[in-house]
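Below are the chains, spelled out letter by letter.
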Amino acid sequence: MKYHHLYIYIDDNIETYNKITDLLGVKPTKFEKYKTSKEPDNKYDLWAYSVETEDEEPYFDFINKFLNILEPKFEDLKKLGVKKNDILFWLLYEYDQQCAMEFHPEEMKRLGESGIVLNIDCWQLDKT
């Protein structure tokens, strides 16, 4: 299983969160957070969009898909206080026998020129 995440760290403001949702035109992913008793029920410090894929599915070109969402909106995001270093692409890969990834030079070049960070975490599926 692969989990492709687009994260935008924001100012914990529901108005900013909703404006980003409207601006980008995709429905954000809601994550269940582990909370302490002191945390409020709603936190809006992270806007996230996620796509899950199985290994058997065709390759999901998440770098280009996410950049297609973001690039036309960089200036508008900036007006909302979002800087490029507030944006993160994160690939989480749960593998069975081998962890193998391939990225094409064009998408790596495009990602590098965007100034967005890519994180990758991999772990072997626990079969017990």
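Above this text is the structure in question.
Residues numbered from 1 in each chain as written. Predicted model: local features only at pLDDT ≥ 70, side-chain atom pairs only at ≥ 80, totals over all residues. Heavy atoms only, no water.

(A) Just the overall build of the chain, in detail. What the chain contains, in helices and strands, is four helices and four strands. Scanning the chain from its N terminus toward the C terminus, one meets helices and strands in the order β-α-β-α-α-β-α-β. Oriented by its inertia axes, the alpha-carbon framework of the chain measures out at about 45 × 40 × 20 Å. The proportion of buried residues among the 128 residues of the chain is 36%. Taking contacts inside the chain between residues at least 6 apart in sequence as the whole, the part at least 24 apart equals 76%. With the model as given, the accessible surface of the chain reaches about 8,500 Å², and the carbon-plus-sulfur share is 48%. Between the centroid of the 17 positive side chains of the chain and the centroid of its 26 negative side chains there is a distance of 7 Å. (Helix = DSSP H or I, 4+ residues; strand = E, 2+ residues; numbered from the N terminus. Buried < 20%, exposed > 50% of the residue type's maximum accessible area, 1.4 Å probe, protein only. Contact = heavy atoms within 4.5 Å. Areas by Shrake-Rupley, 256 points an atom, 1.4 Å probe, with all protein chains shown as cover. Lys, Arg positive; Asp, Glu negative; His and termini not counted. Charge placed at Lys NZ, Arg CZ, Asp CG, Glu CD.)

(B) The arrangement of the packing of helix α2 (residues 62-70) against helix α4 (residues 105-114) in detail. As a packed pair, α2 and α4 sit with axes 9 Å apart at the nearest point and diverge in direction by 40°. The orientation of α2 relative to α4 falls into the category oblique. At the point where α2 passes α4, the crossing takes the left-handed sense. The segment α2 lies against α4, with I63, N64, L67 and N68 engaging E107, M108, R110, L111 and S114. (Axes fitted to C-alpha atoms, helices over the stretch in contact; angles between N-to-C directions. Parallel < 35°, antiparallel > 145°, perpendicular 65-115°, else oblique. Left-handed = near helix turned anticlockwise from the far one by under 90°.)

Keep in mind that these numbers describe shape and distance, not what the molecule does.
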